Amino acid sequence: MPQPWQDTSLSAEDRAAALLSSMTLEEKLAQLVGVWPGSEAEEGEDVAPLQHEVSEAVDLDGLLPHGIGQLTRPFGTSPVEPAEGAAALARLQSRIAAGNRFGIPALAHEECLTGFFAWRATVFPTPLAWGASFDPALVGRAAGLIGGSLRSAGVHQGLAPVLDVVRDPRWGRTEESIGEDPYLVATIGTAYVHGLESAGIVATLKHFAGYAASRGGRNHAPASIGPRELADVVLPPFELAVRDGGARSVMHSYNDLDGVPSAANPWLLTELLRDTWGFTGTVVSDYFGVSFLELAHRVADTRGGAAGLALAAGVDVELPAVRCFGTPLREAVRAGEVDEALVDRAALRVLRQKCELGLLDADWSPTPSALAGAVDSAGTVDLDPPEMRAVARELAEESVVLLADDGDVLPLTPDARIAVVGPLADDPAAMLGCYTFPRHVGVEHPGLPLGIEVPTLFAALRAELPGARITHAEGCAAPGPAASAGDAGGTASAGAAALTAESRLAQAARTAADADVCVAVLGDRSGLFGRGTSGEGCDAADLELPGEQGALLDTLVATGTPVVLVLFTGRPYALGRWSRLLAAAVQAFFPGEEGGPAVAGVLSGRVNPSGRLPVSVPYAPGGQPWTYAQPPLGLRNDASSIDPTPLFPFGHGLSYTSFAWERPAADAADVPTDGETTVRLTVRNTGDRAGTEVVQLYLHDPVARIARPVSRLIGYARVPLRPGESAEVHFAFHADLASYPLGADGTRVVEPGALELRLASSSAESDVRHTVPLTLTGPERTVDHRRRMVCEVRVK
């Protein structure tokens, strides 16, 4: 007869409570910690902040009698064949369940920011590329496939998406973020949450909150922002992902907010997240985040003190390993310094989630579906199947942004003489962000194959244009620290590596001069903690192109050969120096394993570009931080000698075809402060090839009681059209979308008065195609988290 906690006829809450009532303090605490098997044996560089300084040896035998809450990165710690990894995880889960008196297995979590974080798994485009696609549906499809892959291998929780809104692109983790606009981040991020959760994976929102608003764009630095910026910019993506996305986990951020570390902030983790928004899942610590309360923030002087602060604030699980929530917390509870009721509160949440995942069912099996038949004829688990590569290709193609095009060079002619120049032209690493297995873990294993096929742009162009004469030169050294022997990429010969900077430039100039067109392939090389030019801990002093690449581009332009700039980056870089000198410019944000063919398709014309900038591209490398959603005094004005106007604004992107936008109409010009209206716009493809227009809807509030952004995104639609075809776009505008935080406590109001809806092809005023004046009528309303947050869109 099953125990009460195994009875599936009971609610998860009742089952978890029944189990909790039978547990000792030690058994309850065991559910609140993770273990990271094998991490202490890894001798390479850190893959988590202060990993080797803070990590301690895991006494698995000593932990088993009480149980284990979570298993950290069973696939993403070291290279393992997928089938072997799934089998090893299943064996470990059997051992854990057999080792405690209740038969409770661990919950296994893994990174999944660009796909299943495992060797030989599909690498999707980085989140900044998701934002560039402006396509929540496609991002949701990708997330569903990723979630299914995780689930099939025995993983239960995915540490994604990142919902930090970019405030300063010098921040190294810009590549992990979706963009600089909270509406874009909220809608794309929520779609990713839907996809993961639909596959049965617990989605983990990170980093809560304010992490990307750090001073100077420095990782882990304090975030000194006001309550209105927090309410209007930082929080909405998390709010929507909790409310509409159904996310079941949240990860606290490393930073402090006005002096209060997020891991010790009860207002953030309990009053707002749970009491106001109604979140019922688990709050997990960012790696070693509880320890940092003692070691970095210095708001506690002992491990037990740090544990007590985090637990009281609302942190339920200490990741990645037990350090504070184990013996130190037990001793603090025994000494009366921490109320055991707080332990019960967290343990109940953890056990309830394990019930929801089926881990407490009487018929639970450690054997994942990947080992139950989903293997190929060779007996291996395929984590990079054709279906996933196809969606990775589609997302990569949609995310490529054509920044500039003089119309003379692109698309490339099939028989052209093409010089492909640059240190990233023939390097697979150009496609991969820091949260991909090859760049995060693989680089620490010299000689390890990538495990997946990642065509370079040079190789992809040769395949795309077999009749062209395509030559290659590096031109300069790869940006960032020298590549290690096991680095992803590094195709240059020893002789080429020995070339001086001058001889490399001279060779590049000769190669370009002997061609009809030069494709300059520049950008970032991702890494961790200073081991790259983009990525976690790889913050930038300014937005100059890294290393010698600016000088290389100057040299190529000086040859007189038309230059097409292709950027593979994790952040935007200042391009004003070359704005009038390039034939064309293409931006790709670490587009994943299919990024080479995707960009090659744009250059050849096989793909008509439809990506739009999720972050502004600056004119000059200074003048940061800046995002488009500024009040009047945040824009160019005569009060300052610094002009922050970007070279290419948020939302910008060109196409090989043309579109006409007919004058829009609204169902009503007067809208109650609790009402809505529909705005209709007809878009027609007036060119000679199929293409996709991205219609963006911005809100302009002429007069408000606090300084408001001149324009902010409230809706968007991708509109695919064949030549001559038209479609009608319907935007359902609700007055709630005009709300703003009036009070310092985050109270939001919808006030009566004049508004203007702007239908535009970017955030720049010069790209506004049509305006629709509206007047909100009736009394001022106060709204809360139940307000309408999304502008529903239909394309007919």
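The shown structure was predicted, so the numbers you read here are calculated from the model rather than taken from an experiment.

Asker: Any details on the pattern of salt bridges? Residues and values, ideally.
Answerer: Scanning the entire structure with this criterion turns up 51 salt bridges. When the shortest N-O distance is used, the salt bridge between Arg352 and Glu13 registers 2.6 Å. Remark: Glu13 occurs in helix 1 (residues 12–20) and Arg352 occurs in helix 15 (residues 340–356); sequence separation between them is 339 residues. Residue class for Arg352 comes out buried when judged on its relative accessible area of 13%. The class for Glu13 is partly exposed, based on a relative accessible area of 35%. Notably, a salt bridge pairs Arg684 with Glu662, separated by 3.2 Å at the nearest N-O pair. Of this pair, Arg684 sits in strand 19 (residues 676–685) while Glu662 sits in the loop between strand 16 (659–661) and strand 17 (665–666), placing them 22 residues apart in sequence. A relative accessible area of 35% places Glu662 in the partly exposed class. Among the ionic contacts, a cluster of salt bridges with common partners joins Asp384, Arg389, Arg393, Glu397, Glu464, Glu593, Glu594 and Arg606.

Asker: Explain the sheet that holds strand 4 (residues 157–159) to me, and be specific about the residues and the numbers.
Answerer: On the basis of which strands lie adjacent, the open sheet formed by seven strands has the order 1-2-3-4-5-6-9 and parallel pairing. A strand with exactly one partner marks an edge of an open sheet, and here the two such strands are strand 1 (34–35) and strand 9 (282–284). For strand 6 (residues 249–252) and strand 9, the ladder comprises three bridges, and the chain directions are parallel. Bridging from a neighbouring strand, Met251 pairs with Val284 of strand 9.

Asker: Lay out the sheet that holds strand 11 (residues 417–421) with the relevant residues and their values.
Answerer: Taken in spatial order, the six strands line up as 10-15-14-13-11-12 in an open sheet, and their pairing is mixed. Of all strands in the sheet, those bounded by a partner on one side alone are strand 10 (401–405) and strand 12 (469–473). This sheet shows a mean twist of 20° between the axes of neighbouring strands, independent of strand direction. Here strand 14 (residues 563–569) pairs with strand 15 (residues 584–589) via six bridges, running parallel. Across the sheet, the residue bridging to Thr569 is Phe589, located in strand 15. On top of the sheet, helix 21 (residues 549–558) reaches strand 11, strand 13 (517–523) and strand 14; it is set at about 170° to strand 13, its chief contact.

Procedures and definitions
Residues numbered from 1 in each chain as written. Predicted model: local features only at pLDDT ≥ 70, side-chain atom pairs only at ≥ 80, totals over all residues. Heavy atoms only, no water. Salt bridge = Lys/Arg side-chain N within 4 Å of Asp/Glu carboxyl O. Helix = DSSP H or I, 4+ residues; strand = E, 2+ residues; numbered from the N terminus. Buried < 20%, exposed > 50% of the residue type's maximum accessible area, 1.4 Å probe, protein only. Pairing = 2+ DSSP bridges. Axes fitted to C-alpha atoms, helices over the stretch in contact; angles between N-to-C directions. Contact = heavy atoms within 4.5 Å.

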